[in-house]
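Architecture and fold: a report
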Amino acid sequence: MATLVRIAGRVQGVGYRDWLVAEARAHGLAGWVRNRRDGSVEALLAGDRPSVQEVLLACRRGPPAARVDSLEESLAEDPSEPGFHRLPTA
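In this report, the structure presented in the accompanying data block is examined. In this text the structure is predicted, and so the values were computed from the model without any measurement. (Residues numbered from 1 in each chain as written. Predicted model: local features only at pLDDT ≥ 70, side-chain atom pairs only at ≥ 80, totals over all residues. Heavy atoms only, no water.)

1. Things to note about the pattern of salt bridges
Selection rule: Any Lys or Arg side-chain nitrogen found within 4 Å of a carboxyl oxygen on Asp or Glu counts as a salt bridge. Helix and strand labels come from DSSP, where a helix needs a run of H or I of at least four residues and a strand needs a run of E of at least two; each type is numbered from the N terminus. Using a 1.4 Å probe on the protein chains alone, a residue whose accessible area is under 20% of its type maximum counts as buried, one over 50% counts as exposed, and one in between counts as partly exposed.
Taken as a whole and assessed by the stated rule, the structure comprises seven salt bridges. Notably, a salt bridge pairs Arg6 with Asp38, separated by 3.4 Å at the nearest N-O pair. With Arg6 in strand 1 (residues 2-10) and Asp38 in the loop between strand 2 (30-35) and strand 3 (41-46), this pair connects stretches of sequence that are 32 residues apart. Using a relative accessible area of 54% as the deciding quantity, one classes Asp38 as exposed. Note that Asp18 and Arg86 form a salt bridge whose closest N and O atoms lie 2.5 Å from each other. In this pair, Asp18 sits in helix 1 (residues 16-26) while Arg86 sits in strand 5 (residues 84-86), placing the two residues 68 residues apart along the sequence.

Here is the structure:
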């Protein structure tokens, strides 16, 4: 299962990407996370359905300094590389 997610709110400058890298790796997910120029964070989460769902639930809370206003999900293709990575801003 692969899901593309866009998280909006106070999610940049609060450690959201580093936090999400740790969450995804702890759940054995593949994919990536990056900041968007519009102030949101975008991530591709791929793995078994229960693990992806658990990380999506965590994304709705985020790290302590974050405030998540909205989260949009869409189905996606599996990533071409193994592991979970932090990408540059897009």
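2. Brief notes about the packing of helix 1 against helix 2 (residues 49-61)
Filter applied, for reference: Each axis is a line fitted through C-alpha atoms, and for a helix only the stretch in contact is used; angles between axes span 0 to 180 degrees, taken between their N-to-C directions. Should an angle fall under 35 degrees it is taken as roughly parallel, and over 145 as roughly antiparallel, whereas 65 to 115 is taken as roughly perpendicular and any remaining angle as oblique. Note on convention: the crossing is left-handed when the near helix lies turned anticlockwise from the far helix by less than a right angle, right-handed when the turn is clockwise. Residue contacts are defined here by distance: any two heavy atoms, one from each residue, within 4.5 Å place the two residues in contact. In this classification, Asp, Glu, Lys and Arg are treated as charged, Ala, Val, Leu, Ile, Met, Phe, Trp, Tyr, Cys and Pro as nonpolar, and every other residue, Gly included, as polar.
With their axes 11 Å apart at the nearest point, helix 1 and helix 2 run at an angle of 160° to one another. Between helix 1 and helix 2, the angle is such that the two are roughly antiparallel. Crossing hand, helix 1 versus helix 2: right-handed. Residues Tyr16, Trp19, Leu20 and Glu23 of helix 1 form the contact with helix 2, whose own contacting residues are Val55, Ala58 and Cys59. Within the contact of helix 1 with helix 2, the residues separate by chemical class into six nonpolar, no polar and one charged.

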